[in-house]
Amino acid sequence: MKAFLTHIKEKYGDGNYAGDEFGGARGHDGRGLPTGLPNNFMFATGIECSNPTIDHGRTRRDLLEECGHYERWREDLALVKGLGLKVLRYGLPYHKTHLGPGKYDWEFADQVMAEMQRLEITPILDLLHFGVPDWLGNFQNPELPVHFAEYAGAVARRYPWVRYYTPINEIYVTARMSAKDGLWNEQLKSDRGFVTAMKHLVAASIMATQQIAVHRPDCIIVQSESAEYIHELRANPSPEVALENKLRFVSLDLLYAHHPDGDVLNYLFDHGLTRREYDWFMAGEPPGYQIMGNDYYGRNERIVLPDGEICTSMDVLGWYNITLEYYRRYRKPVMHTETNVLEAHNAPTWLWKQWVNILRMRDEGVPVLGFTWYSLIDQLDWDIGLARKVGKVNPCGLFDLDRKPRPVAECYKMLLQEYGQITIVPHGELFEVTKSPATLKVEV
């Protein structure tokens, strides 16, 4: 027996039956801070990096600047490390980096990326977050996909160690807020403008992924998209709301070559999508490993009252039920890629509720890659969708703008201590992935 125990200790270490060599989480029960090893569930946060224009292009809402990240990026990355997190959703400032066709300013990006590499933080690199450089205009520009794909390829070539990407954050929200709700960028309020923005954004994401895959054929694409639903409290539901609940799928339908419903297809054709363009989207999925990221805020669900008034429903269906609907449609591994609440005192409870949703999804057997509290630092003016530059602090971060922890940060650390070493798939520590140039095999 003594010889047997010695053998076990030498092979697996003290009590960690799923050791490093199995490529997954080390703790046999999942407890302990994340290891960062392959197969470890990806606990993350993000740096808020939205940068749309308002005032018809005259004002840039650069949240990296407004939240102080350009001056305090080293401190911010140290906070990520200090929490015990190994993964960070991070957006390079596209509008400051891509200066023109074939022209780039890498100074800031190089410094931040080098520090992330030094701290062993895995970035999920966000390449377009609601805005484009001034020289590209807005999302009505048909040349956007070509220029953006060039930029994505340049990023992948410059940082070959990066594997995880979100080429374009929340394509549906970007198109809607810019071209249907009239708040950002082109500030249109038309169905044709919405469809035009949508097809340009999805094409840009596909072509960008193709360029990334040239340099990282094993790239993992985490497509962050808003998980939404409208509840209509009318005895006779309106066709407008029914269509709106289907349009939330359009970005992923086009991205994943999933044929939309007939009424949605008619809507797209009626408002500017050509049959040739549609056939191009339906030709097949982009390269790389596709992960469906679902962002969920309580305000993602809305209720239409009998008199037409709209109110926020706050967690009627929740991330679990809405994401399960998306999963059954696309059959992609999922990740909870954004969540928060705008009231700091409600954040701890909201965090635990989101984690219950994650556990329920895992119980369904759905592969969940990770979870993200968004964002690391408080944000500004998201209570009005960045529509005006007011400067109101939204206390939704793990830390405030002075980089002092909020109560939700302590709760997140508690969550990490309890679950930080779980595997992406329950019992995933049983599997070892062996890769060589010619083979890929799974061993038990």
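Residues numbered from 1 in each chain as written. Predicted model: local features only at pLDDT ≥ 70, side-chain atom pairs only at ≥ 80, totals over all residues. Heavy atoms only, no water.

Let's talk about the overall build of the protein chain
Stated precisely, the cut-off is as follows: The helix and strand labels rest on DSSP assignments: H or I over at least four residues marks a helix, E over at least two residues marks a strand, and numbering proceeds from the N terminus. C-alpha atoms define the radius of gyration, and 2.2 Å times the number of residues to the power 0.38 defines the globule rule. When a residue's accessible area, from a 1.4 Å probe over protein chains only, is under 20% of the maximum for its type it is buried; when over 50% it is exposed; and in between it is partly exposed. Contacts: residue pairs with any heavy atoms within 4.5 Å of one another.
Helix and strand counts for the protein chain come out as 15 helices and 19 strands. Rg of the C-alpha trace for the protein chain: 22 Å, near the compact-globule value of 22 Å for 444 residues, within the 12% margin. In the protein chain, which comprises 444 residues, the proportion classed as buried is 57%. In the protein chain, the proportion of contacts linking residues at least 24 apart, taken out of those at least 6 apart, comes to 73%.

Comments concerning the environment of aspartate 307
In plain terms, the rule: Polar contact is defined as a pair of N or O atoms within 3.5 Å, subject to the rule that within protein one atom must be able to donate a hydrogen and the other to accept it, and that residues adjacent in sequence are counted only when both atoms are side-chain atoms.
Relative to the elements of secondary structure, aspartate 307 occurs in the loop between β12 (301-304) and β13 (310-312). When the C-alpha atoms of aspartate 307 and arginine 234 are compared, they prove to be 8.9 Å apart, with 73 residues separating the residues in sequence. Here glutamate 309 takes part through its backbone nitrogen, which lies 3.0 Å from a polar atom of the side chain of aspartate 307.

A few points about helix α15 (residues 407-419)
The line we're drawing: Helix span is expected to be 1.5 Å times the residue number reduced by one.
An ideal rise of 1.5 Å per residue puts 18 Å on 13 residues; α15 measures up with 19 Å between its terminal C-alpha atoms. Looking at the buried side of α15, the elements it contacts are β1 (42-46), α3 (69-83), α14 (347-363) and β15 (368-374).

As for the packing of aromatic side chains
Which entries qualify depends on this criterion: Note on ring pairs: Phe, Tyr and Trp rings are taken, using the six-membered ring of Trp, and paired if centres are within 6.5 Å. Classes follow the plane angle, with under 30 degrees stacked, over 60 edge-to-face and the rest tilted. For a ring to carry a charge above it, either NZ of a lysine or CZ of an arginine must fall within 6 Å of the ring centroid while also lying within 35 degrees of the normal to the ring plane.
By the definition in use, this model includes 24 aromatic pairs. Each member of the aromatic cluster is reached from another via a ring pair, and the members are Phe41, Phe43, Trp355, Phe371, Tyr412 and Tyr419. Note that lysine 180 overlies the ring of phenylalanine 194, its terminal NZ or CZ placed 5.1 Å from the centroid. Geometry around tyrosine 256 places lysine 332 over its ring, the cationic atom sitting 5.0 Å from the centre.

With respect to the pairing of strand β9 (residues 220-226)
It is a general feature of regular strands that their side chains alternate between the two faces of the sheet. Rules: One bridge is not enough; two strands pair if DSSP finds at least two bridges between them.
Most of β9 sits out of view: seven of its seven residues are buried. Of the two faces of β9, the one holding Ile220, Val222, Ser224 and Ser226 and the one holding Ile221, Gln223 and Glu225 are both buried throughout. The pairing of β9 with strand β11 (residues 289-295) spans seven bridges and is classified as parallel. Along β11, the bridge assignment pairs glutamine 223 with methionine 292.

Quick notes on the packing of helix α13 (residues 318-330) against α14
Selection rule: Interaxial angles span 0 to 180 degrees and are taken between N-to-C directions of axes, which are lines fitted to C-alpha atoms, for helices over the stretch in contact. To sort the angles, those under 35 degrees are grouped as roughly parallel, those over 145 as roughly antiparallel, those from 65 to 115 as roughly perpendicular, and the leftovers as oblique. Just so you know the grouping, Ala, Val, Leu, Ile, Met, Phe, Trp, Tyr, Cys and Pro go in nonpolar, Asp, Glu, Lys and Arg go in charged, and all remaining residues, Gly too, go in polar.
Between α13 and α14, the shortest axis-to-axis distance is 7 Å and the interhelical angle comes to 40°. Of the possible angle classes, the one that applies to α13 and α14 is oblique. From α13, Gly318, Trp319, Tyr320, Thr323 and Leu324 reach across to α14, where they touch Gln354, Asn357, Ile358, Arg360 and Met361. Considering only residue class, the contact of α13 with α14 consists of five nonpolar, four polar and one charged.

Some remarks on the side chain of glutamate 186
Short version of the rule: We score Asp and Glu as negative and Lys and Arg as positive, and we do not count His or the chain ends. By convention in these notes, a salt bridge is any Lys or Arg side-chain nitrogen within 4 Å of a carboxyl oxygen on Asp or Glu.
Structurally, glutamate 186 can be placed in the loop between α7 (171-179) and α8 (191-215). It is arginine 60 that comes nearest to the buried, bridge-free glutamate 186 among opposite-charge side chains, at 10 Å. A polar side-chain atom of glutamate 186 sits 3.3 Å from the main-chain amide nitrogen of phenylalanine 139.

Regarding the nonpolar core
Filter applied, for reference: Definition used in this section: a nonpolar core is a set of buried Ala, Val, Leu, Ile, Met, Phe, Trp, Tyr and Cys residues joined via side-chain atoms within 4.5 Å.
In this structure, Phe148 and Tyr412 are the most contacted members of the largest nonpolar core, which totals 119 residues. In terms of residues, this core owes the most to one element, α8, which gives 12 residues. Ignoring any residue separated from it by four or fewer positions in sequence, one finds phenylalanine 148 in contact with Tyr94, Leu127, Leu128, Pro167, Ile168, Ala204 and Ala208. Counting residues in hydrophobic clusters, the runner-up holds 11 residues, among them Val87, Ile124, Ile220 and Ile424.

Regarding helix α9 (residues 239-247)
So the rule is basically this: What the arc describes is the spread of directions from the helix axis to the C-beta atoms.
Within α9, burial applies to Val241, Asn245 and Leu247. Summarising the axial view, the buried residues of α9 lie within an arc of 160°, below the 170-degree limit, and thus occupy one face. The secondary structure elements touched by the buried residues of α9 are α7, β10 (229-232), α10 (250-255) and α11 (262-270).

With respect to the pattern of salt bridges
Scanning all chains against the criterion turns up 29 salt bridges. A salt bridge links glutamate 75 to arginine 72; its shortest N-O distance comes to 2.9 Å. A residue pair is termed a helical-turn pair when its members lie 3 or 4 positions apart in one helix, as glutamate 75 and arginine 72 do in helix α3 at three residues. For arginine 163, the salt bridge identified is with aspartate 218, shortest N-O distance 3.5 Å. Within this pair, whereas arginine 163 is found in the loop between α6 (144-158) and β8 (164-166), its partner aspartate 218 is found in the loop between α8 and β9, the two being separated by 55 residues in sequence. In this structure arginine 163 comes out as partly exposed when scored by relative accessible area, which is 24%. With a relative accessible area of 18%, aspartate 218 lands in the buried category. Via salt bridges that share partners, Arg176, Asp181, Glu228 and Arg302 belong to a single interconnected network.

A word on unusual backbone geometry
Residue tyrosine 374 is joined to serine 375 through a cis peptide bond whose omega torsion reads 20°. Phi is positive for histidine 56, close to 55°, though the residue is something other than glycine. For histidine 56, the position within the fold is in the loop between β2 (53-54) and β3 (59-60). For histidine 56, a relative accessible area of 57% gives the class exposed.

Section: the layout of surface pockets
With a probe scaled to a water molecule rolled over the atoms, the places where space remains empty come into view. Rules: Grid points spaced at 1 Å and placed over the protein atoms alone form the basis of the search, with a cavity being a set where a 1.4 Å probe fits but cannot get out and a pocket an open set showing protein on both sides within 12 Å along at least five of seven lines. Lining residues have an atom within 4 Å of a point. Grid points are joined across faces, edges and corners, and a volume is the space filled by probe spheres set on the points.
The space that makes up the second largest pocket amounts to roughly 930 Å³. The wall of the second largest pocket is formed by 38 residues, among which Arg176, Met177, Arg299, Asn300 and Trp382 lie closest to the centre. Of all the secondary-structure elements, those providing two or more residues to the lining of the second largest pocket are α7, α9, β12 and β13. Counted by class, the lining of the second largest pocket contains 16 nonpolar, 10 polar and 12 charged residues.

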